[in-house]
Amino acid sequence: MPARQEYEASLQQARTAIAQLQAQQSQMVWIRTVIFMIGLLFFILGWMDEGLRLVLFSLAALTAIAFLIAIVRHEHLRLKRIEHDSDAALFTHLLARLDRNWEAVPSHQLLPEFSDIAFADDLDVAGPASLLSLLSLAGTKPGRRTLQAWVVAPTTWPEVKARQHAVQHLRDSRPLRLSILRTVQASSDGTEDVYGLPKWAATPSWLQQHSLAYGLSFLGPSMVVLGILVAICGAMVDQPTLLTVGGGLLGAGFLTNLLVTVFWGSWIHGIFQQITGQHQAVYRFSEVFSSFATLPPDGGLLDHIRQVAVENSNCAQRGFAKLTWLVRLANLQRDPILYFVYLALQLFAMWDFRILGMLEKWKTEFGDEVHVWFE
């Protein structure tokens, strides 16, 4: 299919999907409101009617579950809407680029490290209707930095031939190119590092820098476990003293876990958010790196990209396979349905610290490679 025809068809599909999702989101707002009001009514009636209290409270609990499911569904629709909005913007950009419609083509400015290039103004390297406006489809800051370095800095003739050779092999792979573009554009706005994984991977261990918090994260759960065991022993041998000691240890453990969560929990959640990225970018970039497995062989640059992405022992695909599983565990507190499970895990075992510990082990294994992946 010619490029224009494919772009126009894809743009129309995105706009149709956006209209449908907008209608579904509006409908979901009403559904959530109705479910909430019904649940509130059951709760009030149960509070007032002692005879039917159990039945009405049970119905209120069921509507609360239905309300949580509606919230999850609404969030799913929101993320799909973001994806299709991104598609619409991308294909509008591609069509404007074909037509050289410079008013509709985003203007690209030089990054600060390249802003003093002497020939930039004379050759219209950046700005409206510039060389970068025509060339750049980079959806991330590292991508923009790489392209601008290629444009402004001289290189060797063998390197030029290697790049041209790679382009020739990608020429007939438009579906692959569009797939990569769409996934990256849906995760990043291209103006800043909205995904924080490369930054986090280059930072020192948070747990090592906060040894007091890390130590307390083991002390609290240990007291909880010991308190439960002592209380069980006291119940088995009918010793009230042991029951009292066990209850005291249990309460002290819960209090320790609560205080540690209050003082340090927001910092850890900030780290989790940084790793996950805007619109759960970590999952999308996992798809991008996996898609590099289908790059056509060229005996040069594309083979190198494929090796770094999916073939080396510390390749991006292997790293992301481990990381996305850990990110799902880290994001339990953001899941309305599993939030109470998260609270129990946090209160008993300091879940955030356990997951952060696993993430920092991942950083030890893959942290030095992350910059190479994104480059």
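Since the model is a prediction, treat every value here as computed from it, not as a measurement. (Residues numbered from 1 in each chain as written. Predicted model: local features only at pLDDT ≥ 70, side-chain atom pairs only at ≥ 80, totals over all residues. Heavy atoms only, no water.)

K.L.:
Explain the overall build of the protein to me, please; I cannot follow it from the model alone.
P.N.:
In terms of helices and strands, the protein carries 15 helices and 0 strands. Relative to a compact globule of 375 residues, whose C-alpha radius of gyration would be 21 Å, the protein shows 27 Å and is clearly more extended. Dimensions of the protein, computed from the C-alpha atoms along their principal axes, are close to 85 × 50 × 35 Å. Taking all 375 residues of the protein together, 39% fall into the buried category. Counting only contacts in the protein whose residues sit at least 6 apart along the sequence, the fraction spanning at least 24 positions is 74%. Just so you have it, the protein exposes about 20,900 Å², and 64% of that area is on carbon and sulfur atoms. (Helix = DSSP H or I, 4+ residues; strand = E, 2+ residues; numbered from the N terminus. Rg over C-alpha atoms; globule rule 2.2 N^0.38 Å. Buried < 20%, exposed > 50% of the residue type's maximum accessible area, 1.4 Å probe, protein only. Contact = heavy atoms within 4.5 Å. Areas by Shrake-Rupley, 256 points an atom, 1.4 Å probe, with all protein chains shown as cover.)

K.L.:
Mind showing me how you'd approach the pattern of salt bridges here?
P.N.:
Oppositely charged side chains are able to pair whenever their charged atoms sit close together. Using the criterion set out here, one finds 12 salt bridges in the structure. The partner of Asp-303 in a salt bridge is Arg-306, with the nearest N and O atoms 2.5 Å apart. Remark: Arg-306 and Asp-303 occur in helix H12 (residues 301-311); sequence separation between them is 3 residues, near one turn of the helix. Per residue, the accessibility class of Asp-303 equals that of Arg-306, and both read buried. Put simply, Arg-318 and Glu-365 hold a salt bridge, and the shortest N to O gap is 3.0 Å. A residue pair is termed long-range when its members are at least 10 positions apart, and Arg-318 in helix H13 (residues 316-330) and Glu-365 in helix H15 (residues 351-374) qualify at 47 residues. For Arg-318, a relative accessible area of 35% gives the class partly exposed. Take Glu-365: its relative accessible area is 32%, and that puts it in the partly exposed class. (Salt bridge = Lys/Arg side-chain N within 4 Å of Asp/Glu carboxyl O.)

K.L.:
How do you make sense of a nonpolar patch on the surface when you look at a structure like this?
P.N.:
A surface patch of nonpolar side chains, amounting to about 1,100 Å² of accessible area, comprises Ile-228, Ile-232, Met-236, Val-237, Leu-242, Leu-255, Leu-258, Leu-259, Val-262, Phe-263, Leu-347 and Phe-348. Taken together, the elements giving at least two residues each to the nonpolar patch come down to helix H9 (211-237), helix H10 (240-276) and helix H14 (339-349). The dominant element in the nonpolar patch, judged by the number of residues it contributes, is H10, at 6 residues. Position of Ile-232 among the secondary structure elements: in helix H9. (Patch = residues over 30% accessible without salt bridge, like charges linked within 9 Å, V, L, I, M, F, W, Y side chains within 5 Å.)

K.L.:
I'm lost on the side chain of Ser-205 in this one. Help?
P.N.:
Position of Ser-205 relative to the elements: it lies in the loop between helix H7 (197-201) and helix H8 (206-209). In this structure Ser-205 comes out as buried when scored by relative accessible area, which is 17%. Within the structure, Ser-205 has its side chain in polar contact with the backbone nitrogen of Leu-207 (distance 3.5 Å). Separated by 3.3 Å, the side chain of Ser-205 and the backbone nitrogen of Gln-208 make a polar contact. Apart from residues no more than four positions distant in its own chain, Ser-205 is found in contact with Glu-360 and Lys-363. (Polar contact = N/O pair within 3.5 Å; in protein donor to acceptor, adjacent residues only side chain to side chain.)

K.L.:
Would you mind going over the nonpolar core with me for this structure?
P.N.:
Generally speaking, a soluble globular protein has its nonpolar side chains buried in company with each other. The biggest cluster of nonpolar side chains holds 48 residues, and the ones touching the most others in it are Phe-320 and Trp-373. Elements that contribute at least two residues to this core include exactly helix H6 (174-185), H7, H8, H10, helix H11 (281-291), H12, H13 and H15. With 10 residues, the top contributor of residues to this core is H15. Ala-3, Leu-11, Ala-14 and Ala-88 belong to the second largest nonpolar core, which has 13 residues in total. (Core = buried A, V, L, I, M, F, W, Y, C linked by side-chain atoms within 4.5 Å.)

K.L.:
Got a minute to help me understand H12 in this structure?
P.N.:
Given 3.6 residues per helical turn, the α-helix brings residues three or four places apart onto the same face. Turning to H12, its buried residues number three or more, namely Leu-302, Asp-303, Arg-306, Val-308, Ala-309 and Val-310. Among the structural elements, helix H5 (157-170), H11, H13 and H15 are those in contact with the buried residues of H12.

K.L.:
Even after reading the chapter, I still don't get the packing of aromatic side chains, so can you show me in this structure?
P.N.:
The geometry of two aromatic rings is summed up by the distance between their centres and the angle between their planes. Enumeration over the complete set of coordinates arrives at 21 aromatic pairs. Consider the rings of Phe-36 and Phe-67, whose centres lie 5.9 Å apart with planes at 50 degrees: the pair is tilted. Of this pair, Phe-36 sits in helix H1 (residues 3-48) while Phe-67 sits in helix H2 (residues 53-99), placing them 31 residues apart in sequence. A centroid spacing of 5.8 Å and a plane angle of 45 degrees characterise the contact between Phe-320 and Trp-373, whose relative ring orientation is tilted. Here Phe-320 is found in helix H13, whereas its partner Trp-373 is found in helix H15, with 53 residues between them in sequence. Residue class for Phe-320 comes out buried when judged on its relative accessible area of 1%. Residue classification places Trp-373 among the buried positions, given a relative accessible area of 5%. Feature note: the residues Trp-200, Phe-285, Phe-289, Phe-292, Phe-320, Trp-362, Phe-366, Trp-373 and Phe-374 constitute an aromatic cluster, connected by ring pairs. If you follow Arg-354 out to its NZ or CZ, it ends over the ring of Phe-218, 4.2 Å from the centre. (Phe/Tyr/Trp six-rings, centres within 6.5 Å; stacked < 30°, edge-to-face > 60°. Lys NZ or Arg CZ within 6 Å of the ring centre and 35° of its normal.)

K.L.:
Help me understand unusual backbone geometry in this model?
P.N.:
Negative phi characterises most residues that are not glycine, and trans characterises most peptide bonds. One non-glycine residue with positive phi stands out, namely Asp-124, at about 50 degrees. With relative accessibility at 45%, the residue Asp-124 sits in the partly exposed group. Here the phi dihedral of Met-350 falls at roughly 55 degrees; this positive angle occurs in a residue that is not glycine. Structurally, Met-350 is set in the loop between H14 and H15.

K.L.:
What's the story with the environment of Ala-309 in this structure? I'm lost.
P.N.:
Along the chain, the position of Ala-309 falls in helix H12. Under the relative-accessibility criterion, Ala-309 is labelled buried at 3%. Put simply, Ala-309 and Phe-292 are 17 residues apart on the chain and 6.4 Å apart in space, counted from C-alpha to C-alpha. Beyond its immediate sequence surroundings of up to four residues, Ala-309 is in contact with Phe-289, Phe-292, Cys-315, Ala-316 and Gln-317.

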